[in-house]
Amino acid sequence: MDAKNTAAFLQIYQRDLIVDGKMYIEHKRITPQQLANYEKRYKQYKDWGGNGDVEPWIKKIRELPIYYPTVNDFNDK
């Protein structure tokens, strides 16, 4: 991947990680699947050379209580 594309992907990943991070923090919990997905995207962001702008978010995300959805959570919707 060339530098121009890498820079564009970094910006997209950074924005998405911050937006999703704010949502999880607002809900004050995170499911195991959400955390695994967030960690995977964060790793890719760092592997591509992402800066430290997401560091405060990943720290807060990792401190959130893990929430295990139940069948009732889906029936209420």
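Counting of residues starts from 1 at the beginning of each chain's written sequence and follows it residue by residue. Local features in this predicted model are restricted to residues of pLDDT 70 or higher, and side-chain atom pairs are both shown and tallied only at a pLDDT of 80 or more, whereas totals for entire chains, interfaces and linings draw on every residue. Only hydrogens and water are set aside when side-chain values are computed; all heavy atoms of the structure are taken into account.

**Here we look at helix H1 (residues 3–27)**
The α-helix winds at 3.6 residues per turn, so residues separated by three or four positions along the chain end up facing the same way. To qualify as a helix, a DSSP run of H or I must reach at least 4 residues; to qualify as a strand, a run of E must reach at least 2; elements of each kind are numbered from the N terminus. To estimate how far a helix should reach, multiply one less than its number of residues by 1.5 Å. Spanning 25 residues, H1 covers 36 Å between terminal C-alpha atoms, matching the ideal 36 Å at 1.5 Å per step. If you check which residues of H1 are buried, you get Thr6, Leu10, Gln14, Leu17, Gly21 and Tyr24. On its buried face, H1 is in contact with helix H2 (32–47) and helix H3 (55–63). Whether a residue is buried, partly exposed or exposed follows from its accessible area with a 1.4 Å probe, protein chains only, as a fraction of its type maximum: under 20%, in between, or over 50%, in that order. It only takes one pair of heavy atoms within 4.5 Å for two residues to be counted as in contact.

**A few points about the packing of H1 against H3**
Interhelical geometry of H1 versus H3 gives an angle of 35 degrees and a closest axis separation of 10 Å. For H1 against H3, the interelement crossing comes out left-handed. Residues Ile18, Gly21, Lys22, Tyr24 and Ile25 of H1 form the contact with H3, whose participating residues are Trp57, Lys60 and Ile61. Considering only residue class, the contact of H1 with H3 consists of five nonpolar, one polar and two charged. Only the stretch in contact is used when fitting a helix axis, every axis being a line fitted to C-alpha atoms; angles between N-to-C directions are given from 0 to 180 degrees. Take the far helix as your reference; a near helix turned counterclockwise from it by less than a right angle gives a left-handed crossing, and one turned clockwise gives a right-handed crossing. Charged means Asp, Glu, Lys or Arg here, nonpolar means Ala, Val, Leu, Ile, Met, Phe, Trp, Tyr, Cys or Pro, and polar covers whatever is left, Gly included.

**Considerations on the pattern of salt bridges**
For side chains bearing opposite charge, pairing can occur when the charged atoms are close. Whenever a carboxyl oxygen of Asp or Glu lies within 4 Å of a side-chain nitrogen of Lys or Arg, that contact is scored as a salt bridge. Taken as a whole and assessed by the stated rule, the structure comprises six salt bridges. Here Arg62 and Glu39 are joined by a salt bridge, their closest N and O atoms 2.8 Å apart. With Arg62 in helix H3 and Glu39 in helix H2, this pair connects stretches of sequence that are 23 residues apart. A residue is classified by how much of its surface remains accessible, and Arg62, at 47% relative accessible area, is partly exposed.

**Things to note about the nonpolar core**
Membership of the largest hydrophobic core comes to 13 residues, with the highest contact counts inside it found for Tyr38, Val54 and Ile61. If you list the elements that add at least two residues to this core, you get H1, H2 and H3. For this core, the leading source of residues is H2, giving four residues. If sequence neighbours within four positions are ignored, Tyr38 has contacts with Leu17, Ile18, Asp20, Gly21, Tyr24, Val54, Trp57, Ile58 and Ile61. Each nonpolar core is a collection of buried residues, namely Ala, Val, Leu, Ile, Met, Phe, Trp, Tyr and Cys, held together in the definition by side-chain atoms within 4.5 Å.

**Looking at the packing of aromatic side chains**
Centres within 6.5 Å are what make two rings of Phe, Tyr or Trp a pair, Trp counting through its six-membered ring; a difference in plane orientation under 30 degrees is then read as stacked, over 60 as edge-to-face, and the rest as tilted. In total, this model carries three aromatic pairs according to the counting rule given. Measuring from ring centre to ring centre gives 5.4 Å for Phe9 and Trp48, while their planes differ by 40 degrees; the resulting arrangement is tilted. With a gap of 39 residues between them, Phe9 in helix H1 and Trp48 in the loop between H2 and H3 connect regions that are remote in the sequence. Residue class for Phe9 comes out partly exposed when judged on its relative accessible area of 35%.

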